[in-house]
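Below are the chains, spelled out letter by letter.
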Amino acid sequence: MSPALALSGKTREISGNYDSLEMLYQKGVKHMYDNGIEHVPSKYILPAAERPNVNSEKNASPDELNLNLPIIDFAELQGPNRAQVLKSLAYACENYGFFQLVNHGIPEEIINNMVNVSKSFFEMPFSEREKYMSADMSSPVRYGTSFNQTNDGVFCWRDFLKLVCHPLSDVLPHWPSSPFDFRQLVVSYAKETKLLFMLLVEAILESLGLKNREKKTEGVNDDDDDDILKELEDDGSQLMVMNCYPPCPQPDLTLGMPPHSDYGFLTLLLQDQVKGLQIQHEHNWVTVQPIPGSFVVNVGDHLEIFSNGRYKSVLHRVLVNSTNYRISVASLHSLPFTSTVRPSDKLITETNPRRYKDTDFASFLDYIKSCDSKKKNFLESRKLY
Ligand code: OGA
Ligand code: NI
C-alpha cells in the first residue's frame, strides 16, 4: 500500500499531505478501492443535507421507495396493440420521465458482451486506463472519475469511460484498443442501441401527436417530423458512458452520481442486478428495481424542450453500497452536436406558449464546465418562465 493510501482514512489530520491525496483522488475510486481504502476521504463526503438518506424519505413506506416504473413492452409496441402502448408511453414520459423497456429485441449476447467488456476495461491496470484520461469535455474518448474532476468540489464515487460514437469512422481510432475485442463489441452494441432509439423516437413523436404511421402510408406529409427523424438517423449524436461504482466503505456519506438530468433526447441505460439508480418521483428519491435484460429509458433535456414541457427530464442519482461493484452503461442519443433544439412548433399553442429558449451543445458545455457536482440541472437554465 502506498503511503498516501495508508493515510487516506485520516485525511482531516494530514492536511500537510494534501498534494499527494489530491493526486490519489484523480486516479479514481476503483484505484482507491483496490488499494484497500477503509474510510471515505473528506473529498467525497457530501454536506449533511445532500447525503443519500436525508429528508426525502420521511413519510414514505419501504414499498413506495422501491418504485415499479412503468413497463413498456417493445414487441407489443411494434404489434397490433400499438395505440394502447403509445398511451402508456405518453403516461410514463409525462409522469415519471422514465420507463423500463422489455422485449426490446437486442440479442442477449450483445448486451452481455457490452457489460462484460465494460467490466474488463475497468479491471485493467490503472496505467492502461489512464491513457484515456482527458480534461477536454468534448474529446471522443474520456476516462475519468467523479463528474468533472477538474471542477467538482466534492467528488462522487464513480469512475467512467465516455465514448463519442458518431461519426464512427472518425472516432473509432481513438477508442481503447484493449481489451482486444473492446471496439468490436462496443460497436455492435452502439449500432443496436441506435436502431432501438430510432424506433423509440418514432413512437414518441407519434405519442405526442406529431406523426402517424398509418397516415404516412396513405401519403399524408409530416414534413417537420420526418426532418427530425432523418436528422437523428443520419447525423444524431450518440454518447456511450460506462460507469463503474466500486463498493464504498461508508455509502451513506457520498453518492455514485449526484442528482442530474440527462442532456440529450433519450438515454437507454443498462444496469446490472445491483440496485443504485434512484429517480425523483413525487418529491421522494425512489429506487429503480433492476429487471434483468431490460433497459431503463429516460427522457432527456432535449426531449423535454422539444415537447415544450409535456415530457419530463427527471432528476436522478446513484447510490453506492458497501459490498457490490455496480456497472452501468448509458447510451445518450440526441440531435447532431451542431443543431439547435427548440420546442416543436406544433406543440406551442396559445394555452401552452413556448417554455424554453433555443438550446445548443455549446451552451451545454459552457454550463457543465462552470458548475460543480452539487447541481446538474442544465434544463433549469433553459426555461423561459
Ligand atoms: C447517467 C446515469 C445511472 C446509473 O449515466 O447519466 O444517470 O445507474 N446513470 O449509472
Ligand atoms: Ni443520468
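- By the naming in an unreviewed UniProt entry, the chain is Fe2OG dioxygenase domain-containing protein, taken from Rehmannia glutinosa.

**Some words on the site of ligand 1**
Stage number 1. Contacts to ligand 1 come from Asn243, Tyr245, Met257, His260, Asp262, Leu269, Leu277, His316, Val318, Arg326, Ser328 and Ala330.
Stage number 2. One of the side-chain N or O atoms of asparagine 243 is found 3.3 Å from an oxygen atom in ligand 1.
Stage number 3. Between ligand 1 and the protein, one listed contact pairs an oxygen atom with a side-chain N or O atom of arginine 326 at 2.8 Å.
Stage number 4. Elements that contribute at least two residues to the shell around ligand 1 include exactly strand E6 (237-245), strand E7 (257-260), strand E12 (316-318) and strand E13 (326-334).
Stage number 5. The biggest single contributor to the shell around ligand 1 is E13, with 3 residues.
Stage number 6. Classifying every residue of the shell around ligand 1 gives 6 nonpolar, 4 polar and 2 charged.

**Some points on the coordination of the nickel ion (ligand 2)**
Stage number 1. The protein atoms that coordinate the nickel ion (ligand 2) are His260 (NE2), Asp262 (OD) and His316 (NE2), at distances of 2.1 Å.
Stage number 2. Of note, the nickel ion (ligand 2) draws all its donor residues from one chain, in the sequence arrangement H-x1-D-x53-H. In this pair, aspartate 262 is assigned in the loop between E7 and strand E8 (266-271) and histidine 316 in strand E12, connecting sequence segments 54 residues apart. An identical accessibility class is assigned to aspartate 262 and histidine 316; each is buried.

**As for helix H10 (residues 182-207)**
Stage number 1. Its 26 residues place the ends of H10 37 Å apart at the C-alpha level, agreeing with the 38 Å of an ideal helix rising 1.5 Å per residue.
Stage number 2. Once H10 finishes, glycine 209 follows within two positions and takes phi at roughly 75°, a positive value.

**Some points on the pattern of salt bridges**
Stage number 1. All chains considered together, the criterion is met by 8 salt bridges.
Stage number 2. The salt bridge partner of arginine 82 is glutamate 206, with a shortest N-O separation of 2.8 Å. Remark: glutamate 206 occurs in helix H10 and arginine 82 occurs in helix H6 (residues 82-95); sequence separation between them is 124 residues. Of the two residues, arginine 82 and glutamate 206, both sit in the buried class.
Stage number 3. Beyond isolated ion pairs, a larger network of salt bridges with shared partners links Arg342, Arg354 and Asp358.

**Thoughts on H6**
Stage number 1. With 14 residues, H6 should reach 20 Å at 1.5 Å per residue; the first-to-last C-alpha distance of 20 Å fits that figure.
Stage number 2. Immediately beyond the C-terminal end of H6, within one or two residues, lies glycine 97, with a positive phi of roughly 75°.

**Points about the environment of aspartate 262**
Stage number 1. Among the residues examined, aspartate 262 registers a relative accessible area of 9% and is labelled buried.
Stage number 2. Within the local environment of aspartate 262, its side chain forms a polar contact with the side chain of histidine 260, the two groups lying 3.1 Å apart.
Stage number 3. One polar contact links aspartate 262 to histidine 316, side chain to side chain, over a distance of 3.0 Å.

**Focus: the packing of helix H7 (residues 108-123) against H10**
Stage number 1. Between H7 and H10, the least distance of the axes is 9 Å, while the angle of their chain directions is 135°. By the angle between their directions, the pair H7 and H10 is classed as oblique. As H7 packs across H10, the resulting crossing turns out to be left-handed. Mapping the contact onto sequence places Ile110, Ile111, Asn113, Met114, Val117 and Phe121 in H7 and Phe182, Leu185, Val186, Ser188, Tyr189 and Glu192 in H10.
Stage number 2. In the contact of H7 with H10, the residues fall into 9 nonpolar, 2 polar and 1 charged.

**Structural notes on the nonpolar core**
Stage number 1. Counting 70 residues, the largest nonpolar core has Leu161, Met242 and Phe295 as its most contacted members.
Stage number 2. Of the residues forming this core, the biggest block, 14 residues, is contributed by H10.
Stage number 3. If we skip the residues at most four places from it in the chain, methionine 242 touches Met114, Ser118, Phe122, Asp159, Phe160, Leu161, Leu163, Phe182, Val186, Ser328 and Val329.
Stage number 4. Judged by nonpolar contacts, the second largest core, of 19 residues, contains Tyr25, Val40, Ile45 and Cys156.

**Quick look at the environment of asparagine 243**
Stage number 1. Examined against the element boundaries, asparagine 243 turns out to sit in strand E6.
Stage number 2. Its relative accessible area of 3% is what places asparagine 243 among the buried residues.
Stage number 3. The sequence separation of asparagine 243 and glutamine 271 amounts to 28 residues, and the corresponding C-alpha distance is 9.5 Å.
Stage number 4. At 2.9 Å, the side chain of asparagine 243 and the side chain of arginine 158 are in polar contact.

Basis of the calculations
Residues numbered from 1 in each chain as written. Chains lettered and ligands numbered in written order. Predicted model: local features only at pLDDT ≥ 70, side-chain atom pairs only at ≥ 80, totals over all residues. Heavy atoms only, no water. Near = heavy atom within 4 Å. Polar contact = N/O pair within 3.5 Å; in protein donor to acceptor, adjacent residues only side chain to side chain. Helix = DSSP H or I, 4+ residues; strand = E, 2+ residues; numbered from the N terminus. Nonpolar A, V, L, I, M, F, W, Y, C, P; charged D, E, K, R; others polar. Donors = N, O, S within 2.8 Å, 3.2 Å for Na, K, Ca; no water. Buried < 20%, exposed > 50% of the residue type's maximum accessible area, 1.4 Å probe, protein only. Expected span 1.5 Å × (residues − 1). Salt bridge = Lys/Arg side-chain N within 4 Å of Asp/Glu carboxyl O. Axes fitted to C-alpha atoms, helices over the stretch in contact; angles between N-to-C directions. Parallel < 35°, antiparallel > 145°, perpendicular 65-115°, else oblique. Left-handed = near helix turned anticlockwise from the far one by under 90°. Contact = heavy atoms within 4.5 Å. Core = buried A, V, L, I, M, F, W, Y, C linked by side-chain atoms within 4.5 Å.

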